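Below, each chain spelled out in residue letters.
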Amino acid sequence: MSKAKVIFHVDMNSFYASVEMAYNPSLKGKPIAIAGNPEQRKGIVVTSSYEARAKGVKTTMPLWEAKKLCPSLIVIRPNFERYREVSAKIFRLLSEVTDLVEPVSIDEGFMDVTDNQNHPVDVAYQLQRILLEQLDIPCSIGIGPNKFLAKTASDMKKPLGVTVLRKRNIEEKLWPLPVEEMYGVGTKTADKLRKIEIETIGDLAQTDSYALAQLLGVNGERLIQRANGHDNRVIDPESVHDFKSIGNSETLPEDLTEVTEIKNVLSRLSRRVTDRLERRQLAGKSIQLMIRFNDRTTITRSRKLESYISTFDDVLIVVFDLLDEHWQGEPIRLLGVTMSDLLERNEVLEQLSLFTYERALKKSKRDETLDKLKKKYGKDTFPSMIEEGSATQDKLLRTSFQKDFLDDYKSD
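Residues numbered from 1 in each chain as written. Predicted model: local features only at pLDDT ≥ 70, side-chain atom pairs only at ≥ 80, totals over all residues. Heavy atoms only, no water.

## Regarding the environment of Thr-59
Turning to its location among the elements, Thr-59 is positioned in the loop between helix 2 (50-53) and helix 3 (63-69). With 11 residues separating them in the primary sequence, Thr-59 and Ser-48 have C-alpha atoms 7.1 Å apart. Ignoring anything within four residues of it in the chain, the contact list for Thr-59 reads Val-45, Val-46 and Thr-47. Of note is the side chain of Thr-59, whose polar atom sits 3.5 Å from the backbone oxygen of Val-46. (Helix = DSSP H or I, 4+ residues; strand = E, 2+ residues; numbered from the N terminus. Contact = heavy atoms within 4.5 Å. Polar contact = N/O pair within 3.5 Å; in protein donor to acceptor, adjacent residues only side chain to side chain.)

The following block contains the structure:
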């Protein structure tokens with residue numbers, strides 16, 4: 001009989017704010033907010049300390065509103081390089097407990113500690129202490145037999161919580177909760193569920209799977225399984241290298257209607273995307289533009305390309321084209337650029353080599369025909385033809401890629 005799985009979900013508490021407090025201990029115990037542009041009262045709160053949250057400060061709240069709720073709020077511009085550096089140290093410490101660590105984002109990850117000889121709760125508290133003593137970063141840890149229950153457990157007590165959620169406890173601890181509190185259920189999904197009288201996670205767990213599939217498609221069956229405590233996903237340390245898409249978005253400090261300002265933002269976002277493509281040695285074939293208007297309606301428009309691209313200029317041309325095609329002048333609050341259909345550079349080059357080979361065959365047949373015609377009509381009758389595809393090949397050969405903050409936490 002196989003041993004029951006023991007999965008941790010480790011979630012840093014108010015990570016950006018905690019990093020700033022670790023860097024500057026005088027901030028501890030004070031209401032602080034990380035905001036994109038502290039100089040402008042129209043900036044947006046990225047995250048805040050628990051002291052600020054106690055005053056009503058929330059993520060994505062306009063800075064002017066946060067200041068109104070908490071006049072003593074200390075506002076700090078985000079330092080992403082600092083956060084990445086601390087994140088790498090965190091994941092290296094986690095990997096000293098087990099090799100089976102799966103980073104999910106800069107401040108959270110899963111661990112499989114099934115084979116650890118110590119009691120899971122003891123391991124969790126020890127890990128909390130290590131992170132506090134060595135990095136001064138607090139975290140909450142959820143313990144469960146699978147990813148879903150571990151993730152759910154970590155959200156139940158913050159900050160510095162250690163919570164166990166077993167399958168036999170879900171009727172008591174999980175089912176009474178409002179359905180929107182379930183991991184994987186967003187606001188729109190919750191609204192759909194309420195229309196068919198699903199108010200709690202327990203209602204969801206006991207819903208007919210066929211009826212839910214009609215409403216939500218394949219995700220309906222998945223949600224029912226999770227609500228009943230079932231989740232067969234394994235901890236995959238290599239999943240961090242599986243990139244389905246790379247994107248960046250930016251909430252603007254004020255609504256924009258000037259095309260020049262909008263294109264400046266899109267240029268900045270496209271640069272971030274192509275920088276990340278270079279770090280990860282990737283190229284992409286689909287580009288998506290996201291626009292959120294000032295009434296909070298959101299559109300996404302994408303284009304599938306004929307060939308893989310990765311350079312800033314190539315991406316920007318498509319992004320601007322999508323903007324010109326789909327924006328009618330409405331005030332814009334948020335912009336996003338995403339590249340998908342990704343492929344590693346070596347695979348692109350393999351495809352390119354095949355493409356080049358096929359073109360070479362065509363060229364040799366063409367040259368053979370030209371030689372015959374020149375012999376018949378004279379060698380100056382046909383001007384020399386430019387080698388096609390060379391610029392494309394050179395562009396791809398110049399493509400270099402990088403690793404992001406989650407890729408290299410095992411280095412050094």
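Still more to cover.
## Thoughts on the pattern of salt bridges
Scanning all chains against the criterion turns up 21 salt bridges. Across the pair Lys-28 and Asp-136 runs a salt bridge whose closest N-O atoms are separated by 2.5 Å. On the criterion of sequence distance, the pair formed by Lys-28 in the loop between helix 1 (15-23) and strand 2 (32-35) and Asp-136 in the loop between helix 5 (120-135) and strand 7 (139-144) is long-range, its members being 108 residues apart. The partner of Arg-226 in a salt bridge is Asp-231, and the shortest N-O contact between them spans 3.7 Å. Look at Arg-226 and you get buried, because its relative accessible area is 16%. (Salt bridge = Lys/Arg side-chain N within 4 Å of Asp/Glu carboxyl O. Buried < 20%, exposed > 50% of the residue type's maximum accessible area, 1.4 Å probe, protein only.)

## Quick word on the sheet that holds strand 3 (residues 45-48)
One open sheet accounts for 3 strands, arranged 3-2-4; its pairing is mixed. Of all the strands in the sheet, just strand 3 and strand 4 (74-76) have a single pairing partner and so form its edges. Taken over all neighbouring pairs, the strand axes of this sheet differ in orientation by 30° on average, direction set aside. Bridge count between strand 2 and strand 4: 3 bridges; the pairing is parallel. Across the sheet, the residue bridging to Ala-33 is Val-75, located in strand 4. Of the strands in this sheet, strand 2, strand 3 and strand 4 touch helix 1, which is tilted by about 115° from strand 2. (Pairing = 2+ DSSP bridges. Axes fitted to C-alpha atoms, helices over the stretch in contact; angles between N-to-C directions.)

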